Amino acid sequence: MERVAFVRLRAPYMHRYSGFHPRIKSYSFLGRQYCNTALTLASTVPARARELTCNAGSKMEPICDDANAEFSFEDWVSNPWDVGIMLDDLDKFCSDNAVMYYQILVEVRWLLKLSEIPEVKEVPTFSQETRAFLENIIQDFNEDEALEVKKKQQTNYDLKAVVYYLKQKCDGHSEVLEVLDFSHSMCTSEDINNLAYGLLIKDTINHVMFPVMANLCKALCAMARNNAHIAMLSHSHGQASGTTLGIEMATFAFRLGYWARRISQVPIFGNFAGVVGKYNAYKFAYRDIDWPHVAQEFVTSFGLQFNPCTTQIESHYHMVELSDILVNFNNVLVEFTDEVRRYISLGYFEQMMKEENESYTMLYKLDPFDFANSSCDLVTAKSCLSTIKKFIFTANMKVDLTDIQVTRFGLAPSLMAYKKFLLVIEKIEVNESRLAEDLEKNWVVLAEVIQTVMERYNFPEQHEKLKELTRGIYVDKESISSFIENLDLPKEEKLYLLNLAPLSYIGEAENLAKLIDEALGSLLGFKIN
């Protein structure tokens, strides 16, 4: 793949938005697409930030020793926006080498499929030894083999290099070499690539994204269990009532699990129908074969859904749907991050002491910088996914394959945000005394249960009486107790109310928080089938 030179920026906070500034020597598709994404993200930040992101002038200051260092797409995938975090686990599925692997997989399997069709006499049924030989080409593909493919990449037409590579691997195996051209017979590049990228996305979601998303859910479940008993003042809409810190965490865990489960239900489609998607060449060459049926069998053999009606370009609407769901998953995390930052400001959470989080002018204060950074990464990921979604929606009539390549750009920023998030939630501790202090100042929350008991015993004008007690007046333990004492209630009911306190008025919150693992249940075993 043509390499693109990048210069890293040193500017406050800019690494979250731009990461690398492209100093393009020559434009490859990936370079153009990266620039488009970076410029789109830059439009969401102030004008000064856009200037730093887009101008290749004296304001650019490389932060690496080698200002001429070059970075390929693999470098961007493993280190998308933030210099400090490497996402090496994406390399296996999203690098150029991975794309070649999936392309070779589809090419070889298509040749094997043709050998199973009696009407295609030019490709005879392969022996078991030959089938094993072809399967070994797939299984033995590694970085060294990928370099061999790249050596044959004389043009930007990457699949041609794959075909040349297969011919080299089959040199000396006459049974395969004689019919190897049929591995790309009647196919367009889109036929091979839409299946290759479908498998790439499916495997990346199942083996890279889902494990981290499950770990996020599990981390919040652990916070829910460990803090199930810790009472706190609910802040859902003012000082509404008593709850527990555990059930607040459990709520976010369940919401994340819901959206992750939705991803597992997204069907990933593929097609294999030639130019304009109508089997023209297939039908003319072999008129007695039911090619739509053959294509359906071939596509579904990879675990993909078959799309019977396409142009040359498969619609890739699974990426649109995946982008939407990932945005919703990220929105929940953004909300949780904002909630944690609010709890830090209220003193409910304390950050583990880190010098780098000190406020410069208020040395007694620790900035929740890690959470702000994580939230910013999530917003960046959302912008990237939204850009990709818009691009795919308008790419159906294109035949330059740009629509399918952009699918690789959508997952890296989100994955980086998830991994950083798992690190930052380990940096907070619960301040139980501060939570209890807030509850002790808000005896007014017991007005709810008092009114409910008064309604049960048919007290007249209970609403007006409680409004007179609580509206615009500070309510403490004594005023609540005095009000209860003056109620004409059964002795046991009155005693129960008098023994009630904000710390114990939490309903079933503790039990519900402890059941979060059971409630989430199968959501943690999700995968795209």
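The name given to the protein in an unreviewed UniProt entry is Adenylosuccinate lyase, and the organism recorded there is Rhynchospora pubera.

### What about the packing of aromatic side chains?
According to the stated counting rule, one finds 18 aromatic pairs in the structure shown. On the numbers, 4.9 Å between centres and 65° between planes, the contact of Phe272 with Phe298 is edge-to-face. On the criterion of sequence distance, the pair formed by Phe272 in the loop between β6 (269-270) and α12 (280-285) and Phe298 in helix α13 (residues 291-300) is long-range, its members being 26 residues apart. Phe298 shares its class with Phe272; the two are buried. A network of ring pairs unites the aromatic residues Trp110, Phe272, Tyr279, Tyr282, Tyr286, Trp291, Phe298 and Phe302 as a single cluster.

### Comments concerning the nonpolar core
Grouped together as the largest cluster of nonpolar side chains are 146 residues, with contacts concentrated most on Phe272, Trp291 and Tyr418. Dropping the residues within four chain positions of it, Tyr418 is found in contact with Met209, Val212, Met213, Leu216, Leu326, Phe329, Asn330, Leu333 and Leu378.

### Quick look at the packing of helix α7 (residues 143-151) against helix α8 (residues 158-169)
In the contact formed by α7 and α8, the axes pass within 8 Å of each other and the chain directions differ by 115°. The handedness of the crossing between α7 and α8 comes out as right-handed. Side by side, α7 and α8 meet where Glu145, Glu148 and Val149 of the first sit next to Ala161, Val162, Tyr165, Gln168 and Lys169 of the second. The residue makeup of the contact of α7 with α8, split by class, is four nonpolar, one polar and three charged.

### With respect to helix α20 (residues 462-470)
Among the residues making up α20, those that are buried are Gln462, Leu466, Leu469 and Thr470. End-on view of α20: buried residues confined to an arc of 80°, all on one side of the axis. Along its buried surface, α20 packs onto α19 (447-456) and α21 (477-485). Immediately beyond the C-terminal end of α20, within one or two residues, lies Gly472, with a positive phi of roughly 70°.

### Topic: the packing of helix α10 (residues 189-226) against helix α14 (residues 317-346)
One can describe the packing of α10 onto α14 by two numbers: an axis separation of 13 Å at closest approach and a directional angle of 20°. The pairing of α10 with α14 is recorded here as roughly parallel in orientation. The element α10 and its partner α14 pack so that their crossing is left-handed. In this structure, α10 contributes Ile201, Met209, Met213, Leu216, Leu220 and Met223 to the contact, and α14 contributes Met319, Leu322, Leu326, Phe329, Leu333 and Phe336. Of the residues assigned to the contact of α10 with α14, the class counts are twelve nonpolar, no polar and no charged.

Reading the values: rules and limits
- Residues numbered from 1 in each chain as written.
- Predicted model: local features only at pLDDT ≥ 70, side-chain atom pairs only at ≥ 80, totals over all residues.
- Heavy atoms only, no water.
- Phe/Tyr/Trp six-rings, centres within 6.5 Å; stacked < 30°, edge-to-face > 60°.
- Helix = DSSP H or I, 4+ residues; strand = E, 2+ residues; numbered from the N terminus.
- Buried < 20%, exposed > 50% of the residue type's maximum accessible area, 1.4 Å probe, protein only.
- Core = buried A, V, L, I, M, F, W, Y, C linked by side-chain atoms within 4.5 Å.
- Contact = heavy atoms within 4.5 Å.
- Axes fitted to C-alpha atoms, helices over the stretch in contact; angles between N-to-C directions.
- Left-handed = near helix turned anticlockwise from the far one by under 90°.
- Nonpolar A, V, L, I, M, F, W, Y, C, P; charged D, E, K, R; others polar.
- Arc of directions from axis to C-beta.
- Parallel < 35°, antiparallel > 145°, perpendicular 65-115°, else oblique.

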